[in-house]
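# Structure at a glance
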Amino acid sequence: MPHRDRKASRASLAKPRRRFTVALPARGLWVEVERGFHVGNERGVFLGSVKAADPEPGYHAFGPTSEHIGWFDQLEAAKVAVIAATGVGSLAR
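Being a predicted model, the structure only gives us computed values, none of them experimental.

## Description of the nonpolar core
Counting residues in each nonpolar core, the largest one holds eight residues, listed as Trp30, Leu47, Val50, Ala61, Leu75, Ala78, Val82 and Ile83. Among the elements of the structure, β3 (45-52) and α2 (75-86) are those that each provide at least two residues to this core. Among the elements that make up this core, the one with the highest residue count is α2 (four residues).

As structure tokens, then:
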């Protein structure tokens, strides 16, 4: 290692390092357990489920105790509503 590189390496070690915390929104782990039926989990907490509204297009969202949250045109919107209704954002560390 050239002398110049060793100096740079030592200098970078001597500087105090900052820690950054980034708060990401809870997304949950979503699994399609059967066709059109998705369940969500976030760190071991059951979020709820989303079921395709068959035969019409759209999705019904349900909370962790099977309460109906609402009807949505898109799957992602239904998942977001389930997360928001569950209050899982308070689990973020």
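## Things to note about the pattern of salt bridges
Where side chains of opposite charge bring their charged atoms close, a pairing between them can arise. The tally for this structure, following the rule as stated, stands at two salt bridges. The shortest N-O distance in the salt bridge between glutamate 76 and lysine 79 comes to 3.6 Å. Of the two residues, glutamate 76 and lysine 79 both sit in helix α2, three residues apart, roughly one turn of that helix. Classification of glutamate 76 by relative accessible area gives partly exposed; the value is 49%. Among the residues examined, lysine 79 registers a relative accessible area of 11% and is labelled buried.

## Remarks on the sheet that holds strand β4 (residues 59-62)
Across the sheet, which stays open at both edges, the five strands sit in the order β1-β2-β3-β4-β5 with antiparallel pairing between neighbours. Two strands lie at the open edges of the sheet, namely β1 (29-34) and β5 (68-72), each paired on one side alone. Averaged over all neighbouring strand pairs, the angle between strand axes comes to 25°, with direction disregarded. Here β3 runs beside β4; their pairing, made up of four bridges, is antiparallel. In the sheet register, serine 49 faces β4, and the bridge partner there is phenylalanine 62. Packed on one face of the sheet, α2 meets β1, β2 (37-42), β3, β4 and β5 and runs near 150° to β3.

## What to know about the side chain of histidine 38
Take histidine 38: it is sitting in strand β2. By relative accessible area, which is 10% here, histidine 38 ends up buried.

## What about the pairing of β1?
Two elements, β1 and β2, share five bridges in a ladder whose sense is antiparallel. Bridge pairing in β2 places glutamate 34 opposite phenylalanine 37.

## Things to note about the confidence of the model for the chain
Summarising the model, the chain shows a mean pLDDT of 80, and 66% of its residues fall at 70 or more. Within the chain, the element-level pLDDT minimum falls on helix α1 (residues 3-14), averaging 58, and the maximum on β4, averaging 96.

## What to know about the pairing of β5
Two strands pair when backbone bridges link them, and β4 and β5 are joined in this way by four bridges, in the antiparallel orientation. By the bridge assignment for β5, tyrosine 59 is matched with phenylalanine 72. Between the end of β4 and the start of β5, which pair antiparallel, lie five residues, with serine 66 showing a positive phi angle near 70°.

Conventions and cut-offs
Residues numbered from 1 in each chain as written. Predicted model: local features only at pLDDT ≥ 70, side-chain atom pairs only at ≥ 80, totals over all residues. Heavy atoms only, no water. Core = buried A, V, L, I, M, F, W, Y, C linked by side-chain atoms within 4.5 Å. Buried < 20%, exposed > 50% of the residue type's maximum accessible area, 1.4 Å probe, protein only. Helix = DSSP H or I, 4+ residues; strand = E, 2+ residues; numbered from the N terminus. Salt bridge = Lys/Arg side-chain N within 4 Å of Asp/Glu carboxyl O. Pairing = 2+ DSSP bridges. Axes fitted to C-alpha atoms, helices over the stretch in contact; angles between N-to-C directions. Contact = heavy atoms within 4.5 Å. pLDDT = per-residue confidence, 0-100.

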